[in-house]
Amino acid sequence: MDEPAALNKPVILIADDEPVPLAAMSNALTRRYGEDYRIVAHSSPRAALDVLERLKGEGEQVALLIADQWMAEMTGAEF
């Protein structure tokens, strides 16, 4: 059986520890780019890094990383 089409799309990964901006960014990107990209959002940068590592291990394409610069666990530059 073929994989669902969503799993074949490159990923846009968002990390922001503030839920309102994270939801707004995720919703905006899904509306604009959801046909061509899979939008993955996490409120924990460490969880997002775990997902990034899993995606890498599965050979998934990651097109873009978006991170809030001022998160409690780490800065966006550290991410």
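Residues numbered from 1 in each chain as written. Predicted model: local features only at pLDDT ≥ 70, side-chain atom pairs only at ≥ 80, totals over all residues. Heavy atoms only, no water.

A. Looking closely at the overall build of the chain. For the chain, the count of helices and strands is two helices and three strands. Along the chain, helices (α) and strands (β) appear in the sequence β-α-β-α-β when read from the amino end. Relative to the compact-globule value of 12 Å for 79 residues, the chain shows a C-alpha radius of gyration of 13 Å, a close match. Taken along its principal axes, the extent of the C-alpha atoms in the chain is 40 × 30 × 15 Å. For the chain, the accessible surface area stands at approximately 5,300 Å², while carbon and sulfur atoms represent 53% of it. Charged side chains in the chain number 7 positive and 14 negative. The centres of these two groups are separated by 4 Å. (Helix = DSSP H or I, 4+ residues; strand = E, 2+ residues; numbered from the N terminus. Rg over C-alpha atoms; globule rule 2.2 N^0.38 Å. Areas by Shrake-Rupley, 256 points an atom, 1.4 Å probe, with all protein chains shown as cover. Lys, Arg positive; Asp, Glu negative; His and termini not counted. Charge placed at Lys NZ, Arg CZ, Asp CG, Glu CD.)

B. Highlighting the pattern of salt bridges. Per the stated rule, a full pass over the model turns up three salt bridges. Note that Arg 46 and Glu 73 form a salt bridge whose closest N and O atoms lie 3.7 Å from each other. One end of the pair, Arg 46, is in helix 2 (residues 45–57); the other, Glu 73, is in the segment after strand 3 (62–67), and 27 residues separate them in sequence. Residue classification places Arg 46 among the partly exposed positions, given a relative accessible area of 47%. Among the ionic pairs, Arg 54 bridges to Glu 58, the shortest N-O distance being 3.1 Å. (Salt bridge = Lys/Arg side-chain N within 4 Å of Asp/Glu carboxyl O. Buried < 20%, exposed > 50% of the residue type's maximum accessible area, 1.4 Å probe, protein only.)

C. Layout of helix 2. The first and last C-alpha atoms of helix 2 sit 18 Å apart over 13 residues, in line with the 18 Å expected at 1.5 Å per residue. Among all positions in helix 2, only Pro 45, Ala 48, Val 51 and Leu 55 are buried. The buried side chains of helix 2 occupy one side of the element, clustering within an arc of 110 degrees when seen end-on. Turned more than 90 degrees away from the buried face of helix 2 sit Asp 50, Glu 53 and Gly 57, all of them exposed. Buried residues in helix 2 make contact with strand 1 (11–15), strand 2 (38–42) and strand 3. Of the residues flanking the end of helix 2, it is Gly 59, one or two places downstream, whose phi is positive at about 75 degrees. (Expected span 1.5 Å × (residues − 1). Arc of directions from axis to C-beta. Contact = heavy atoms within 4.5 Å.)

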